[in-house]
Amino acid sequence: MPETPAAPPGETVLTVSGLRKSFGRFMALSGVDLKVRAGEVRAIIGPNGAGKTTLINVLGGQLAGDAGRVVFAGKNLMNKYPHQVSAMGVGRTFQISSTFRRMTVYENMLSAHNAASGRWFSLSTALLRKMHGAVMEDLESIHLAELAGRVVDDISHGDRKRLEFGMVLASRPRLLLLDEPTAGMGLQERHDLIDLMLREIRERKITLLFVEHDIDIVFRAADYITVMANGKVFAEGLPGEISDNQEVQEIYLGVK
Ligand code: ADP
Ligand code: MG
């Protein structure tokens, strides 16, 4: 395992406090408190049903929270609509693919750039030409330039995952929320995808909050780890601290 990196010294960019969310009588988030520093790679782990996806959905605006505060870059992010969250510089991917399967890789990336430009109704040839450069650049950075003309239905699962990641980068987010980005991939593919994502994220100085069940990936990628259980933050620490934490091992890793 690589040496544990020190947590970066950035300022707090995301603060979540007392966040609650119930589904009927069931409390999926029962008071989540969290602080994430700018430029940090933060993993969220925890057993199934801990509330990880619910947290990401409330942060991304897909779900409304019942109570609490979310502040991102000094602005209230609580209970905004997804397009408002996105306009504030927060990007996310979903567990279910959000690509257009019958369009080409290029067309998908172009549509992401177009959406990010906010000019849905005023596409001109000049604008398309300008976007072309950015689209190809982004496709290159996710190693998909050679597959630009392929229909998404015909590319591999791993290629599609990279495309989804590239499409969210098109909006030039400052904070990225990724829910199990490597789900459904083979071991080598998972590690390759995470390495590529981390390279882009570090290079672009994006803050990352990601949910991941592959603990090897978590320890390899994260600067800092938040462990959730029963809708709350159960423990937090550097990777080395979390792997040494007896209680975490018991609830999460199933080690007695
Ligand atoms: P995790 O991602 O950590 O596995 P989730 O956030 O998906 O956990 O779910 C937390 C709990 O909330 C689970 O018990 C789940 O069954 C419940 N839950 C999630 N979404 C809904 C929903 N839309 N309606 C009812 N219960 C839900
Ligand atoms: Mg989940």
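All values derive from a computational prediction rather than experimental measurement.

1. So, the layout of surface pockets
In step 1: A volume near 730 Å³ is recorded for the largest pocket.
In step 2: Lining the largest pocket are 26 residues, with Ser86, Ala115, Met167, Val168 and Ser171 positioned closest to its centre.
In step 3: For the lining of the largest pocket, the secondary structure elements donating two or more residues are helix H2 (82-87), strand E6 (90-93), helix H3 (105-117) and helix H5 (157-169).
In step 4: If one sorts the elements of the lining of the largest pocket by residue count, H2 sits on top with five residues.
In step 5: Here the residues of the lining of the largest pocket sort into 14 nonpolar, ten polar and two charged.

2. Re the packing of H3 against H5
In step 1: Contact pair H3 / H5: the axes reach a minimum separation of 8 Å and the direction vectors enclose 25°. Between H3 and H5, the angle is such that the two are roughly parallel. With respect to the hand of their crossing, H3 and H5 are arranged in right-handed fashion. Listed contacts from H5 to Val105, Asn108, Met109, Ser111 and Ala112 of H3 are Leu163, Gly166 and Met167.
In step 2: In the contact of H3 with H5, the residues fall into five nonpolar, three polar and no charged.

3. Some thoughts on the packing of H5 against helix H6 (residues 187-203)
In step 1: Put simply, H5 and H6 touch, their axes get as near as 10 Å, and they point 15° apart. Between H5 and H6, the angle falls in the class roughly parallel. By crossing handedness, the relation of H5 to H6 is classed as right-handed. Two secondary-structure elements touch here, H5 through Gly158, Lys161, Arg162, Phe165 and Leu169 and H6 through Glu189, Leu193, Leu196, Met197, Glu200 and Ile201.
In step 2: For the contact of H5 with H6, the class distribution of residues is six nonpolar, one polar and four charged.

4. Topic: the side chain of Glu40
In step 1: By the secondary structure assignment, Glu40 is in the loop between strand E2 (26-37) and strand E3 (41-45).
In step 2: Within the structure, the side chain of Glu40 is placed 2.7 Å from the side chain of Arg42, a separation counted as a polar contact.

5. Things to note about the sheet that holds strand E4 (residues 67-72)
In step 1: One open sheet accounts for four strands, arranged E2-E1-E4-E5; its pairing is antiparallel. Unpaired on one side and paired on the other, E2 and strand E5 (75-76) mark the two borders of the sheet.

6. Considering the pairing of strand E10 (residues 232-237)
In step 1: Bridge analysis of strand E9 (residues 224-229) against E10 gives five bridges, and the strand direction is antiparallel. Counted as the bridge partner of Ala229 is Lys232 from E10.
In step 2: Between E9 and the antiparallel strand that follows it, E10, lie two residues; Asn230 among them carries a positive phi value of about 50°.

7. As for the sheet that holds strand E8 (residues 207-211)
In step 1: One open sheet holds the six strands; their spatial order is E6-E7-E8-E3-E9-E10, and the pairing between them is mixed. Because the sheet does not close on itself, it has two edges, and the strands there are E6 and E10. Here the average twist between neighbouring strands, direction ignored, is 20°.
In step 2: Each of E6 and strand E7 (175-179) touches H5; the most contacted strand, E6, lies at about 165° to it.
In step 3: Sheet contacts for H6: E3, E7 and E8; angle to E3, the most-contacted strand, approximately 135°.

8. Observations regarding the environment of His132
In step 1: You can see His132 is positioned in helix H4 (residues 125-141).
In step 2: Note: C-alpha distance between His132 and Tyr106 (26 residues apart in sequence) is 9.1 Å.

9. Examining the pattern of salt bridges
In step 1: Taken as a whole and assessed by the stated rule, the structure comprises twelve salt bridges.
In step 2: Its salt-bridge partner being Asp159, residue Arg162 comes within 2.9 Å of it at the nearest N-O pair. With Arg162 and Asp159 both in helix H5 and three residues apart, this pair spans about one turn of that helix.
In step 3: The class of Arg162 is buried, set by a relative accessible area of 16%.
In step 4: Of the residues examined, Asp159 reaches a relative accessible area of 14% and is grouped as buried.
In step 5: Here Glu200 ties to Arg199 by a salt bridge, and the two come within 3.1 Å at their closest N and O atoms.
In step 6: Given a relative accessible area of 3%, Glu200 falls into the buried group.

What counts and how
- Residues numbered from 1 in each chain as written.
- Chains lettered and ligands numbered in written order.
- Predicted model: local features only at pLDDT ≥ 70, side-chain atom pairs only at ≥ 80, totals over all residues.
- Heavy atoms only, no water.
- 1 Å grid on protein atoms, 1.4 Å probe; cavity = no way out; pocket = protein on both sides within 12 Å on 5 of 7 lines; lining within 4 Å.
- Points joined across faces, edges and corners; volume = space filled by probe spheres on them.
- Helix = DSSP H or I, 4+ residues; strand = E, 2+ residues; numbered from the N terminus.
- Nonpolar A, V, L, I, M, F, W, Y, C, P; charged D, E, K, R; others polar.
- Axes fitted to C-alpha atoms, helices over the stretch in contact; angles between N-to-C directions.
- Parallel < 35°, antiparallel > 145°, perpendicular 65-115°, else oblique.
- Left-handed = near helix turned anticlockwise from the far one by under 90°.
- Contact = heavy atoms within 4.5 Å.
- Polar contact = N/O pair within 3.5 Å; in protein donor to acceptor, adjacent residues only side chain to side chain.
- Pairing = 2+ DSSP bridges.
- Salt bridge = Lys/Arg side-chain N within 4 Å of Asp/Glu carboxyl O.
- Buried < 20%, exposed > 50% of the residue type's maximum accessible area, 1.4 Å probe, protein only.

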